[in-house]
Structures are given as C-alpha cells and as structure tokens.
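Coordinate inspection notes
Letter by letter, the chains look like this.
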Amino acid sequence: MRHNPEQIWADILSDLSSSARNDVYLRQAKPTDLTEGKLTVTVPAVLAKDQIESRFLVDIDSAIKGRIGLGASFDIEVKEPDSPPRSGPGTSTTSDSMDPPADASDASPAEARLNSNYTFKRFVIGTNNRLSHAAALAVSENPGTVYNPLFFCGGVGLGKTHLLHAIGNRVHEIHPELKVLYVTSETFMNEYIDSIIVRSTSQDFRGKYRTADVLLIDDIQFLQRKDGTQEEFFHTFNELHQNSNQVVMTSDRPPKNLEAVEERLRSRFEWGMVAEISTPQFETRVAILRQKCEDHGFDAVPDPVLNAIADVVQTNIRELEGALLRLVTEASLFNEQLTEEFTYRTLGNHTGPPTTQGHVAITAEDILKHVGTYFRIKPSDLKSARRTKQLVIPRQIGMYLCRTRTSLSYSEIAAAFGRSDHTTVMHACDRIANAIERDAQLNQTVNTLIEDMK
Ligand code: ADP
Ligand code: MG
C-alpha cells in the first residue's frame, strides 16, 4: 500500500458520503503528513477542526483503518493561513492553505483527483460488468475516438466509480501527456457556484474543465433539476466533444430515465455508448472478495468465510467489502476464529432481516401464502415441481423474499419450496435481485408484497 498523504486522503474522501465529501469544512482540510500510520490534515481554523471532529470523525476513522490498516489514526492540525508554513524553506509564505499540493503537475493522478486503488488490475470481471469493462479499456487506450461519450449506469456500489478511476489511472499510465480530470457532478456544481460568486475565478473554472483531454464525471444524476449547472455542463460537453476529447460519465440510471435533465443533454449522453453494470452473481461476489483480501493484505480468510459473506451480502459490492473488513476487525478484536459460523453470527445481526426487533418473525409459509394470494396461485402449486410460466416467476419471487425477509438459509428455503437442491434458490434470488434493478414493474410488485407482509 502507498504512503502518500494526498493520495490516501483522496481515497478516504472517496469512501465518505457525497455530502461529507462536499462539506465546506472537509473541503478545507489538506493532507500534510502520513507517518507510521498516522495521517495528519491541516485546516485553516479551529471551527473547521471542531466541525470535522464532531461530524465526520467516526466515518473518517473507519475509512482510514480500511485503507491503511487497523492501527491507523487521524489527526487534525489548525494552521491559520498567515502563520508560517510547517514545511520549512522552499514553500512560499504567501501560499494559501487551500492551494493544491505544490508539486502536483497538471496531469498527475493527485491533481486529476484519481484514486490509485481503483485500477483495472483490481477490478474483477463478471457477466454483470463485462461490457462496461471492455468499453472502459477501449476508451483508456484510445481516448476520444471509440466511444464518446461513454456512459456507465447501474445501482449503488456496483463499481461505476471504480471503473471511472481505472480509466483515469490507465490513461495516465499510457498517455502521461494527456490531462485527465475526475470530478463528481456535485463537486462540479459546487465549483461552478464558487466561480459565480468569485467572478475572477470563472475563467479558471471553465479553463480547467474545457481543456481536459479526458473528463471523468461521476454521478451525473445529481445534475437533475440543477438547471444552471446543466447549462454549464452542456457547454463544457460540447466543447470537449467537438475537440474529440473523451467524456466518461456515470449515473444510477440510463440517460432516458434522467427525467429532470434537459433533453438536449440527455440525447447527447446517448451519442456514444451506454453500458450497464448490474448486480454480480455469487461467483463474481466471491472473486471480488478474494481480490479485496489481496488489496487489504488479508491472507488468512478461508474460502467458506468468503462464500458465506457472498451469500449474506448480495447486491452491493461496497457492503460486501464492508462486511469483509468488519469480520476481520471483529475477529481480531474479540480473538475469534474466522469461520463460517462466526461470519453468519456476525453479519446476521447487521444485514439480516428485521425479524427480531419487536416484529413477529415472518416464516416461509407466510411468504408462500402472500405470494400465492397476490398471484392467485395455491401455495401447494408454488411448492410443486411444475415449471409453467405462470408459476416460475412467482416461485422465484417467493424464494427471493424468503432470502431477504427471513433468516432462512438457502437449503432451508429450498426445503420450504419442496426442493432438494439449494442452488435453485441461489439462482432464483440472483435472478430476481438482478431483474429488480431493471424492471420497474417487478420492483413494484416485490415492494407491494413486502409492504403486505408487514
Ligand atoms: P458505485 O460508484 O457504482 O456506487 P463503486 O465504484 O464506489 O460503486 O464501488 C464500490 C466498491 O466496490 C469499491 O470499493 C469498488 O472497488 C468495489 N467494486 C465494485 N465492483 C468491483 C469489481 N468488479 N471488482 C472489484 N471491486 C469492485
Ligand atoms: Mg460511485
């Protein structure tokens, strides 16, 4: 792992929520030192220190432990803008503490705001992201020529941001002369607003974005209803596109569903390629966990534990990784063996269904009854071996609900549906989890059933 305070700080910020990342105080914090696992950031006023400590310390602390290791710590120093710099000769005394790191050239990954952990090498390819991955690679090799713009869409925590940084890192590696810029739409908006308030900086703002060779813009859905920022982005986009500079965007939904984005922008988003990332299958989830173990230097997590994590956390890769970190941390804190049983016990009360908190636990029979009533099918038919079209989807929904709303294992669910093979249930759950992402009607059906069962 690296020991560069700027990079580590950028990584930590990328782990925080977007409201934290854009917090006015947190944006003032500049990483200044990283020694023996202690990261120090400097802020220009005591108020900023207080605000950061009271609101973000817990999140920063867990992010830093995830990034550097369990012994890592964090410190905030206050350095009034006028006070002499800590770093001795060579640093200008007039330099404003809000300046970017002095040694960062235009094209350096730090200035491009790239997270160097998010590379292609660490990105696991599965059926859920194969197309997006291929498009991302193609664009990194020939920016501005193949798919322009490239647009990734998919649910939360499925790897969109990772791919975006991977493109940036790869471009930087093979075309170091190109200026790469990563920005979230929210930051783009905030900087745009800053540039309106401080008129003198408006040329800088435009210059910065309109001269990028590769602009990576994350979470574009945020621009919905931000008309002024959309207008600004429209011009930025046009200028970049006309000059064959690459634009890559991500969004939690496809362009056509960005209802509150102007039509002229929405249609431009579809000019190049729109690539979707869906939820990973069980095998991909396990492969991702293996990769994460390697990334974090965990070499003693047994396979049954990885399988159990992949079994419990099904839809969000960020949570998958969070669950792994949590297990490793708790096992070492409580001196426990990392076993399958420990995994289910630990994750069960975290991600498990809300069946124990004052509610009467829902049983598989309840679910069979509800699904049967909803689709007008007898529960005994849902349990039967018949595979007619009318039965297959309701049965899979039933299995999915058992998996997500009860604490039954795959085998127990299989038994409740009169089946001996638990892999049928695993596939059904994966299939429904995937389909929900894409099919609004199915999503609604499942939500109605969940509401009904309350
Ligand atoms: P999104 O931007 O879609 O919400 P992120 O890119 O932030 O998701 O991904 C969340 C976490 O999951 C990150 O830690 C990322 O590295 C990891 N991740 C997602 N997809 C993959 C993958 N295919 N291989 C390895 N890690 C992945
Ligand atoms: Mg993201």
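Further up the page is the structure itself.
Residues numbered from 1 in each chain as written. Chains lettered and ligands numbered in written order. Predicted model: local features only at pLDDT ≥ 70, side-chain atom pairs only at ≥ 80, totals over all residues. Heavy atoms only, no water.

This part is about the nonpolar core. Core analysis: the biggest nonpolar cluster contains 52 residues, and Val301, Ile309, Leu324, Leu338, Leu401 and Val446 have the highest contact counts within it. Beyond its immediate chain neighbours, meaning those up to four positions away, leucine 401 contacts Ile367, Val371, Thr406, Val446, Leu449, Ile450 and Met453. Listed in part, the 24 residues of the second largest apolar core include Leu114, Val139, Tyr182 and Ala275. (Core = buried A, V, L, I, M, F, W, Y, C linked by side-chain atoms within 4.5 Å. Buried < 20%, exposed > 50% of the residue type's maximum accessible area, 1.4 Å probe, protein only. Contact = heavy atoms within 4.5 Å.)

On to the environment of arginine 67. Note that arginine 67 resides in helix H3 (residues 46-68). Given a relative accessible area of 13%, arginine 67 falls into the buried group. Along the primary structure arginine 67 and tryptophan 9 are separated by 58 residues, whereas in three dimensions their C-alpha atoms are 9.7 Å apart. (Helix = DSSP H or I, 4+ residues; strand = E, 2+ residues; numbered from the N terminus.)

Here the focus is the sheet that holds strand S1 (residues 30-35). Spatially, S1-S2-S3 is the arrangement adopted by the 3 strands of the open sheet, whose pairing is mixed. A single partner strand is all that each edge strand has here, and the edge strands are S1 and strand S3 (73-78). The sheet shows a mean angle of 25 degrees between the axes of neighbouring strands, direction not considered. As defined by bridge partners, S1 adjoins strand S2 (residues 38-43) across 5 bridges and the pair is classed as antiparallel. In the strand pairing of S2, threonine 35 is matched with lysine 38. Contacting S1, S2 and S3, helix H1 (residues 5-15) runs over the sheet at an angle of about 115 degrees to S1. In this fold H3 packs onto S1, S2 and S3, with an angle of close to 155 degrees to the strand it touches most, S3. (Pairing = 2+ DSSP bridges. Axes fitted to C-alpha atoms, helices over the stretch in contact; angles between N-to-C directions.)

Turning our eyes to something else, we now look at unusual backbone geometry. Cis rather than trans, the peptide bond between asparagine 148 and proline 149 has omega equal to 0 degrees. As for its position among the elements, proline 149 is in the loop between helix H4 (130-141) and strand S4 (150-154). One non-glycine residue, aspartate 219, adopts positive backbone phi at about 55 degrees. Among the structural elements, aspartate 219 can be located in the loop between strand S6 (214-218) and helix H8 (227-242). A positive phi angle, close to 65 degrees, is found at arginine 225, a residue other than glycine. Positionally, arginine 225 belongs in the loop between S6 and H8.

Here we come to the environment of lysine 454. Along the chain, lysine 454 falls in the segment after helix H19 (440-452). Of the residues examined, lysine 454 reaches a relative accessible area of 70% and is grouped as exposed.

With that settled, the discussion passes to the packing of aromatic side chains. In this structure the tally under the stated criterion is 11 aromatic pairs. Judged by centre distance (5.7 Å) and plane angle (85 degrees), the ring pair of phenylalanine 188 and phenylalanine 233 falls under edge-to-face. On the criterion of sequence distance, the pair formed by phenylalanine 188 in helix H6 (residues 185-197) and phenylalanine 233 in helix H8 is long-range, its members being 45 residues apart. Like phenylalanine 233, phenylalanine 188 is buried. Among the aromatic residues, ring-to-ring pairing joins Phe151, Phe188, Tyr192, Phe205, Tyr209, Phe233, Phe237, Phe269 and Trp271 into one connected group. Over the aromatic face of phenylalanine 222 sits the side chain of lysine 226, whose NZ or CZ is 4.0 Å from the ring centroid. (Phe/Tyr/Trp six-rings, centres within 6.5 Å; stacked < 30°, edge-to-face > 60°. Lys NZ or Arg CZ within 6 Å of the ring centre and 35° of its normal.)

The local shell around ligand 1 holds 18 residues, among which Gly157, Thr161, His162, Arg318 and Glu321 are the closest. In this structure, a nitrogen atom belonging to ligand 1 sits 3.3 Å away from a side-chain N or O atom of asparagine 129. Within the backbone of leucine 158, an N or O atom sits 3.1 Å from an oxygen atom of ligand 1. Protein burial of ligand 1: of its 560 Å² of free accessible surface, 96% is covered by the chains. For the shell around ligand 1, the elements supplying multiple residues, two or more each, are helix H5 (160-174), helix H10 (282-296) and helix H12 (317-333). (Near = heavy atom within 4 Å. Polar contact = N/O pair within 3.5 Å; in protein donor to acceptor, adjacent residues only side chain to side chain. Areas by Shrake-Rupley, 256 points an atom, 1.4 Å probe, with all protein chains shown as cover.)

Another aspect to go through is the pattern of salt bridges. A complete count under the given rule lists 26 salt bridges for this structure. The partner of arginine 264 in a salt bridge is glutamate 262, with the nearest N and O atoms 2.7 Å apart. The shortest N-O distance in the salt bridge between glutamate 330 and arginine 326 comes to 3.1 Å. With glutamate 330 and arginine 326 both in helix H12 and 4 residues apart, the pair spans about one turn of that helix. Here the salt bridges do not stand alone but share partners, grouping Arg206, Arg210, Glu232 and Glu239 into one network. (Salt bridge = Lys/Arg side-chain N within 4 Å of Asp/Glu carboxyl O.)

Bringing helix H7 (residues 202-210) into the picture now. Buried within H7 we find Ser202, Phe205, Tyr209 and Arg210. Along the axis of H7, the buried positions cluster into a sector of 105 degrees, meaning they face one direction only. Opposite its buried face, H7 presents the exposed residues Gln203 and Asp204, each directed more than 90 degrees away. Elements in contact with the buried residues of H7: strand S5 (180-184), H6, S6 and H8. (Arc of directions from axis to C-beta.)

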